[in-house]
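The chain contents come next:
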Amino acid sequence: PNSSSSLVHCSMRLSYSPTATTLSSAQVFGFAQCRQRQRQQSHSQTALAYSVPASEEARSAPLVVCYASQSKGRIHPSRRLYRYSRIVRSGRRVVMASSAVPPSVRIQAADDPIIVTMRRLLQAREDGDVVSLAQGVVSWAPPECALVAAEQNVRASFASSYGNDDGDEELREAIRKKLDERNQLPYDDTYVMVTAGANQAFFNCAVALADSQSKAVLFAPYYFNHLMALQMTGVETVIGPSRLDDGSGAPDVQWLADTFKNHDDVRMVVLCNPCNPTGVVYDFDTLQAVSNLCKENGAWLVVDNTYEDFLYADGAFEAGHKCLADQHVVNIFSMSKGYGMMGWRVGYIAASMKDGGALSEELLKVQDTCPICANRLAQRAALAALTDKSAGPSWVRSNVEEVTRPNQQKVLAAVRAGGAPNVVGGAGAIYLMVNIPGSQDDMEFVKFMIKEYGVAVIPGVAHGMPGWIRVAYANVDAEICDEACRRLEAGMKAWAAL
């Protein structure tokens, strides 16, 4: 390495493919450096240190991770090139693995969890004076009735025992009633599986609905954990555009129609409504159009409704969050946000039983292999939160109106005053998607804001939207929100002036 380079450590074997000879120098670095070190190794794999020039070309080029064998100091190509790649950024660790037994190529190709990255950035500030508008959580605790239910049952024998894989029957019954009343999913035709949060619900769907030889569609900006789950299952992910230019943030339905025409192996389409990270609420006509395309082309539609209770248009909450109900549609829900039960990890899947419940049997395979069942004590707390007269939807709504909505208006004013060229969202969820002023390097912007102004946001690149940031506004109280907005506005102005 020279002074203009940064080290990226990789554990790999080299392999041959007809395409390997056409790779540009910006794509693969340091292959010539490996030979001497290969001679010093007795096993077939070696740890290589690649010198990556800190140039724009190198930062945007894919680093091809590939495999081969070695003996007598020479590299002997294998017959298959593993075409997994990672975007290389200057100074970023791409792969770090044991030279003897590396992790799977599939998991190495998955994105790093941005929330973990953000925590490390926050911890790096020595004085700890950082206000976080990063992680999507709420500032309120669960309803008192949920905490009492957990306390009363903590010593009960059932709490330490396995339960039904798809959830305790009392909770599933309460959820079915709620789905029928609030989401227009028929009580008699809906199968419910209780999971350890909505993320686990989505992972169940990713495993049960798509094969590694098939494709899944996400729309940028997407929720980063949806992409990571698909990457971990080996499904090829196709990223589609959303209509940000007109402010709607809706998925591009025409693009999806064209994609189905050009690819006959799309097995799954994913939407998040209200949307994480944009805060956009899709109108029902758009949802229906996407659903129709999926049905016509033999694909599943998975809709993550985690933020169903965060609706800000007049009369929207009272009308309820209407969901699609069809044999090819799977809906996901969460108790984490509205009910403040993030750490309790309770979510659920709702799927049609019109096909005789065949999907439920496949979902049970995944469920029994991973958690077996959701935490029994957490399920009892969730049951109280849904059914007790002191809680339920009206309790959630009061928190949204008193905390989340006022915070949203403050953050919206701050980013506009800070010079944001474009802001998307505001109709739902707990986020705004903000185009940053000045340099569009959103990751450097995030580091700058933490270091110089003590406020944290999520970089848009984690959502497939470089040059943007996701700003959360439900995780702080009114006083802290005021300070966060002051820092955010000042920092955006300073960044634009650099």
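Residues numbered from 1 in each chain as written. Predicted model: local features only at pLDDT ≥ 70, side-chain atom pairs only at ≥ 80, totals over all residues. Heavy atoms only, no water.

Chemist: How should I be thinking about the layout of surface pockets in this particular structure?
Modeler: Where empty space is left can be seen by rolling a probe of water-molecule size over the atoms. The calculated volume of the second largest pocket comes to roughly 510 Å³. Residue assignment for the lining of the second largest pocket shows that the elements contributing at least two residues are helix H4 (114-124), helix H7 (198-209) and helix H8 (224-233). Counting residues per element, the lining of the second largest pocket draws most heavily on H4, at four residues. For the lining of the second largest pocket, the residue count by class is 13 nonpolar, nine polar and five charged. (1 Å grid on protein atoms, 1.4 Å probe; cavity = no way out; pocket = protein on both sides within 12 Å on 5 of 7 lines; lining within 4 Å. Points joined across faces, edges and corners; volume = space filled by probe spheres on them. Helix = DSSP H or I, 4+ residues; strand = E, 2+ residues; numbered from the N terminus. Nonpolar A, V, L, I, M, F, W, Y, C, P; charged D, E, K, R; others polar.)

Chemist: I tried to follow the packing of helix H5 (residues 144-153) against helix H13 (residues 376-387) on my own but got confused; where do I start?
Modeler: Two quantities define a packed helix pair, namely the angle between the helix axes and the distance between the axes. Packing of H5 against H13 leaves a shortest axis separation of 8 Å and a crossing angle of 145°. At the point where H5 passes H13, the crossing takes the right-handed sense. Contacts between H5 and H13 involve Cys145, Ala146, Ala149, Ala150 and Asn153 on the former and, on the latter, Leu377, Arg380, Ala381, Ala384 and Ala385. Looking at the contact of H5 with H13 residue by residue, the class counts come to eight nonpolar, one polar and one charged. (Axes fitted to C-alpha atoms, helices over the stretch in contact; angles between N-to-C directions. Left-handed = near helix turned anticlockwise from the far one by under 90°. Contact = heavy atoms within 4.5 Å.)

Chemist: Got a minute to help me understand the sheet that holds strand S9 (residues 215-220) in this structure?
Modeler: Sheet strands pair via backbone hydrogen bonds, and the direction of the pair is either parallel or antiparallel. Taken in spatial order, the eight strands line up as S8-S15-S14-S13-S12-S9-S10-S11 in an open sheet, and their pairing is mixed. Of all strands in the sheet, those with a lone pairing partner are strand S8 (190-195) and strand S11 (250-251), marking the two edges. In the sheet, S9 pairs with strand S12 (residues 266-272) via three bridges, with the strands oriented parallel. Counted as the bridge partner of Lys215 is Val266 from S12. (Pairing = 2+ DSSP bridges.)

Chemist: Which parts of the structure should I look at to understand the pattern of salt bridges?
Modeler: Here the idea is simple: oppositely charged side chains can pair when their charged atoms come close. By the definition in use, this model includes 19 salt bridges. A salt bridge links Arg397 to Glu401; the nearest nitrogen and oxygen atoms lie 2.8 Å apart. With a gap of four residues between them, Arg397 and Glu401 both fall in helix H14 (residues 392-417), about one helical turn apart. On the accessibility criterion, Arg397 (10% relative accessible area) is buried. Shared partners join several salt bridges into a network, and the residues in it are Asp166, Glu169, Arg172, Glu173 and Arg176. (Salt bridge = Lys/Arg side-chain N within 4 Å of Asp/Glu carboxyl O. Buried < 20%, exposed > 50% of the residue type's maximum accessible area, 1.4 Å probe, protein only.)

Chemist: Looking at this model, I keep getting lost on the packing of aromatic side chains. Mind explaining?
Modeler: Here a ring pair, both rings aromatic, is described through the centre-centre distance and the interplanar angle of the planes. Per the counting criterion, the structure on display carries 10 aromatic pairs. Judged by centre distance (5.5 Å) and plane angle (85°), the rings of Phe445 and Trp495 are edge-to-face. Taken together, the residues span a long stretch of sequence, with Phe445 in helix H15 (residues 442-453) and Trp495 in helix H16 (residues 478-497) at a distance of 50 residues. Through successive ring pairs, a cluster of aromatic residues spans Trp140, Tyr307, Phe310 and Tyr431. One Lys or Arg, Lys322, reaches over the ring of Phe284 and ends 4.2 Å from the middle of that ring. (Phe/Tyr/Trp six-rings, centres within 6.5 Å; stacked < 30°, edge-to-face > 60°. Lys NZ or Arg CZ within 6 Å of the ring centre and 35° of its normal.)

Chemist: What is the right way to look at empty space enclosed by the protein in this model?
Modeler: A full pass over the atoms with the stated rule returns one cavity of 30 Å³ or more. Considered as a void within the structure, the largest cavity measures approximately 100 Å³ in volume. Considering the residues around the largest cavity, the lining is formed by 13 residues, among which Phe219, Pro221, Tyr222, Val270 and Cys272 are closest to the centre. When residues of the lining of the largest cavity are traced back to their parent elements, those giving at least two are S9 and S12. When residues in the lining of the largest cavity are grouped by element, the largest group, three residues, is from S12. A per-class count over the lining of the largest cavity returns 10 nonpolar, three polar and no charged.

Chemist: When you look at the pairing of S9 in this model, what are you seeing that I'm missing?
Modeler: Successive residues of a regular strand alternate their side chains across the two faces of the sheet. Of all six residues that make up S9, six are buried, and the element is covered over most of its length. Covered by surrounding structure in S9 are Lys215, Val217 and Phe219 together with Ala216, Leu218 and Ala220, the residues of both alternating faces. Here S9 runs beside strand S10 (residues 236-243); their pairing, made up of six bridges, is parallel. Of the residues in S10, the one forming a bridge with Phe219 is Gly240. Considered for its hand, the β-α-β crossover made up of S9, H8 and S10 is right-handed. (Right-handed = clockwise from strand over helix to strand, strands pointing away.)

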